[in-house]
Amino acid sequence: MPLSDPERINAESRKPRIVELWRALAPLKSVVSFMNTGAHPDDEHSALLAALSLRDGVDVSYACSTRGEGGQNNLGTHTGAALGAFRTAEMERACDVLNLRMYWLSQSPDDSITDFGFSKSGQDTLNRWGHSRTLKRMVDILRLERPDIICSTFLDVPGQHGHHRAMTQIADLAFECAADPNYTDSDLTPWEVRKVYLPAWSGAGQAYDDETPPPPESLCVSLDAPDPITGWSFAQIGEQSRSCHASQGMGVWVPAGVERNYPLHLLRTRVDGPEDSLFGGLPQRLDELPVLSAESALSRAQRHMDAAIASFPDTAAILSEACAALTAVREAIQLCPAELVPEVMHKLTRKETQLSRVIRIAAGVEARGRVADDVIPAGGASKFETELFKGQASKVEIAPHLSVGWQHVGDALHLDAETSSSDPYPDCYFPDSPTAPCLDLTITANGVTTRSRLPFEVTPLAAPARAVPLTQDRFVLNLKTQAQQIEIDLSDALRILPDLHLKMPEGWRCEFSSGHGTLTLPNGVAEGLYSLPLMSGPEPVQTYRLIDAPHITPRLLAEPAQLKIRVLSANIPEGRVGYIGAGNDQVGHWLKQVGVDVTALEDDDLNHAERLAQFDTILVGVFAFKMRAGLLDALPALHDWTHAGGTLVTLYHRPWDNWDPDRTPPKRLEIGQPSLRWRVTDPGARVAALKPEHPLLTTPNRIGVSDWQGWKKERGLYFAKSWDIAYEPLLSMSDEGEDPLTGALLAARIGNGRHVHAALNLHYQMDHLVPGAYRLMANMLTWRS
């Protein structure tokens, strides 16, 4: 739906014209380009990029290998490709703050370059991504963007995340390969990056533990002075950008006057000039480019750009100077000799785009486009309308710039029947040049005509023609507790495709009534994972998920419509379980699926002893001590309930999730950091039982080798580092070549009750229908004596 008036007002208030104009003028100062490289959205050096872009006018970009699919999620339960699409959208909003051009090595949800989970090895990461594939993508990106400087976010040292190490290695290799005409995996024109820098500081902290000291400082980029128009420091602007990574809990308050400087180490260079600044030895202004045949035009363009900056905030003067500068730049483009096109043409065309933006803002042109529907199915249509104010321009034309298969007919946008679904993983994003569908503006001012692109208020998304909504697509059937039937709801899907049916194994039956179905499995059905495609006639259909939140532009993730059903056998606890969730896991849902009597507890329940006394076990979900405001206040009551005879189970938390080792658990329990040292990243790592006859490993399900098979992503993370003598470690495991860790599963008797702390990644395994996770969780909830 289009934005409401309050939403439109709020969006407008975040972009005052005076600030937008000041920031649009900054790129006219410089022709230098700087690329930061990293492995995840949120790895970028936001404060440094803010200063280079908004203060120095440098053309900044960020090359990121993965979409962060394997990360955690502070905002909900999206994982995998859905989380990757969500974090892609967050990264784009972060780019908007910094005017940061974005490139992704990973190009689709099934790309081998993916965030497969935490890694401790750069080489293992590249083996899994595909070394040649990763290098090719990085070379392609360098040859497309053609940066003068690249700088990795992290060092390639032991103790650092393997994904970070891999990207630092690849950036170094790509420096040579991008310039090599004999590197044939890329068919793009070679490009010589002039300099490669590394951070001259350690990346050690809460998560990482760099084992070797950083390289020596070659120079330092100072961020001391604030932005003169907003008054914000560049550290503050950097955090405004970082706060867009809300799913990762990014964004910290920076008090006024608090800055940091950036020491950098020069790793490689192709320039002879002095290393007295980041830009030493490079052409820094338009009139320093080596285009002798266009020297006069470049000099005129630079004079007019300087004058435009000096005229701020006089919009009429800025408009006049920017139009004159654009005319001179276009003359230089025409005069540029063919042999210099690979060297400078990208800088000239970027100046053309940047000046067009200045002209639009200085002229006061306001343009908006909106579509009645956020999602348009292939073969469908939606009403399209625009809003236009030409300001000081003499003429403005607006039209939709559309993707293949989209058409503008009358007052609507129409999609052909074969139109492809919107891409949830676009491989680039440029804040000043959005891709289709968007708006095309043709502006004439002072006799100069420019073209600009602007995004829709809400970018419309194309959905598959034969797509149905699924309220739930994964199910668990527990042979120990359930009749061999599963209730499914396809009412919304059947309204769209009345002939919808399931393709089922032999002996399975499904009967529908008013869209609600009963799926009956045959007697003797084997344990296992079953996939049941949804069909319309003989053809499979698709479903899609709309990935949306107030701080992002929506994404659409289309995939085959199918139901996944895990058939397993797990004895479950007979008592009542209270669940304190925080919206970061679906454990309560899955426990109900296998037959556990589980009740979600609200904050008001936690401080009432008579309410807590109704439960035999209380389960505290992932991150709940951080996300549930009332939980910390309820700790005394929760501890009293435990001492009186209850079983308290806590799932993994991070040290910064309000986990006080002496106050949060009933007895002292410290979570280890840096986290790299206190996790097992190999999901197939061998697990040894330290106390194989402990009730948590025997009752009501005997945990064996098969229960540790089929795990995804990792064994666990944020393991306990030290604990009170009351706790017993029950498991031992490690990544290859490392000492065993024993803080994955701890059990303690607390008065007449018990506390179980599990740093195993159980909620993720349950989401992915791993049977051993259900059986072990049942044991944790069952422990009574």
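The coordinates are above.
Here goes a summary of the coordinates provided.

### So, the overall build of the protein
Thought 1: Looking only at helices and strands, one finds 20 helices and 38 strands in the protein.
Thought 2: In terms of overall size, the protein behaves like a compact globule, its C-alpha atoms giving a radius of gyration of 29 Å where 785 residues would be expected to give roughly 28 Å.
Thought 3: Each of the three principal axes of the protein carries a C-alpha extent, and together these read 90 × 65 × 55 Å.
Thought 4: In the protein, which comprises 785 residues, the share counted as buried stands at 56%.
Thought 5: Nonlocal contacts in the protein, meaning residues at least 24 apart in sequence, comprise 76% of its contacts between residues at least 6 apart.
Thought 6: Accessible surface, the protein: about 30,900 Å² in total, of which carbon and sulfur atoms supply 50%.
Thought 7: In the protein, 73 positive and 99 negative side-chain charges are present, and the distance between their average locations comes to 1 Å.

### Examining the pairing of strand β31 (residues 647-651)
Thought 1: Burial of β31 is extensive: 5 of the 5 residues sit out of reach of the surface.
Thought 2: By the alternation rule, side chains of β31 split into T647, V649 and L651 and L648 and T650, which are all buried.
Thought 3: Bridge analysis of strand β30 (residues 617-620) against β31 gives 4 bridges, and the strand direction is parallel. What sits directly across from L619, in β31, is V649.

### Observations regarding unusual backbone geometry
Thought 1: Cis peptide bonds are those with omega within 30 degrees of zero, and the linkage from A436 to P437 qualifies with 0°.
Thought 2: Following Q673, the chain continues to P674 via a peptide bond in cis, the omega torsion being 5°.
Thought 3: Tracing the sequence through the fold places P674 in the loop between β32 (669-671) and β33 (687-689).
Thought 4: The phi dihedral of D42 is positive, around 105°, even though this residue is not glycine.
Thought 5: With a phi close to 50°, N446 is a non-glycine residue in the positive phi region.

### Quick word on helix α17 (residues 635-643)
Thought 1: All of the buried residues along α17 are L635, L638, H639, W641 and T642. Along the axis of α17, the buried positions cluster into a sector of 160°, meaning they face one direction only.
Thought 2: Looking at the buried side of α17, the elements it contacts are α15 (609-612), β30, α16 (624-627), β31, β37 (745-750) and β38 (753-758).
Thought 3: Positive phi shows up at G645, right after α17, with a value of about 135°.

### Here we look at the nonpolar core
Thought 1: Counting 75 residues, the largest nonpolar core has L619, L745, M777 and M780 as the members making the most contacts within it.
Thought 2: Here the element with the most residues in this core is helix α20 (residues 771-782); it accounts for 6 residues.
Thought 3: When residues no more than four places from it in sequence are discounted, the contact partners of M780 are T647, V649, L651, L696, L745, V756, A758 and L762.
Thought 4: Residues A24, L289, A294 and V329 belong to the second largest nonpolar core, which totals 56 residues.

### Let's talk about the sheet that holds strand β10 (residues 381-389)
Thought 1: Strands sit in the order β8-β10-β13-β12 across an open sheet of 4 strands; the sheet is antiparallel. One side of each edge strand has no neighbouring strand; the edge strands of this open sheet are β8 (366-371) and β12 (406-409). Mean inter-strand twist for the sheet, computed between neighbouring axes without regard to direction, equals 30°.
Thought 2: Across 3 bridges, the pairing between β10 and strand β13 (residues 412-415) is antiparallel. What sits directly across from S382, in β13, is L413.

### Observations concerning the pattern of salt bridges
Thought 1: A complete count under the given rule lists 49 salt bridges for this structure.
Thought 2: Between K120 and D735 there is a salt bridge; the shortest N-O distance is 2.9 Å. On the criterion of sequence distance, the pair formed by K120 in the loop between β3 (101-104) and α5 (122-129) and D735 in the loop between β36 (731-733) and β37 is long-range, its members being 615 residues apart. Each member of the pair K120 and D735 is classed as buried.
Thought 3: Between R285 and D306 there is a salt bridge; the shortest N-O distance is 2.9 Å. Of this pair, R285 sits in the loop between β7 (262-269) and α9 (295-310) while D306 sits in helix α9, placing them 21 residues apart in sequence.

### Notes on the side chain of D42
Thought 1: Residue position: D42 is located in the loop between β1 (33-38) and α3 (46-55).
Thought 2: A relative accessible area of 12% means that D42 is categorised as buried.
Thought 3: Polar side-chain contacts of D42 include one of 3.1 Å to the side chain of R87.
Thought 4: Every residue in contact with D42, bar those within four places of it in the chain, is listed here: R87, M91, R242, H245, Q248 and M250.

Analysis parameters
Residues numbered from 1 in each chain as written. Predicted model: local features only at pLDDT ≥ 70, side-chain atom pairs only at ≥ 80, totals over all residues. Heavy atoms only, no water. Helix = DSSP H or I, 4+ residues; strand = E, 2+ residues; numbered from the N terminus. Rg over C-alpha atoms; globule rule 2.2 N^0.38 Å. Buried < 20%, exposed > 50% of the residue type's maximum accessible area, 1.4 Å probe, protein only. Contact = heavy atoms within 4.5 Å. Areas by Shrake-Rupley, 256 points an atom, 1.4 Å probe, with all protein chains shown as cover. Lys, Arg positive; Asp, Glu negative; His and termini not counted. Charge placed at Lys NZ, Arg CZ, Asp CG, Glu CD. Pairing = 2+ DSSP bridges. Arc of directions from axis to C-beta. Core = buried A, V, L, I, M, F, W, Y, C linked by side-chain atoms within 4.5 Å. Axes fitted to C-alpha atoms, helices over the stretch in contact; angles between N-to-C directions. Salt bridge = Lys/Arg side-chain N within 4 Å of Asp/Glu carboxyl O. Polar contact = N/O pair within 3.5 Å; in protein donor to acceptor, adjacent residues only side chain to side chain.

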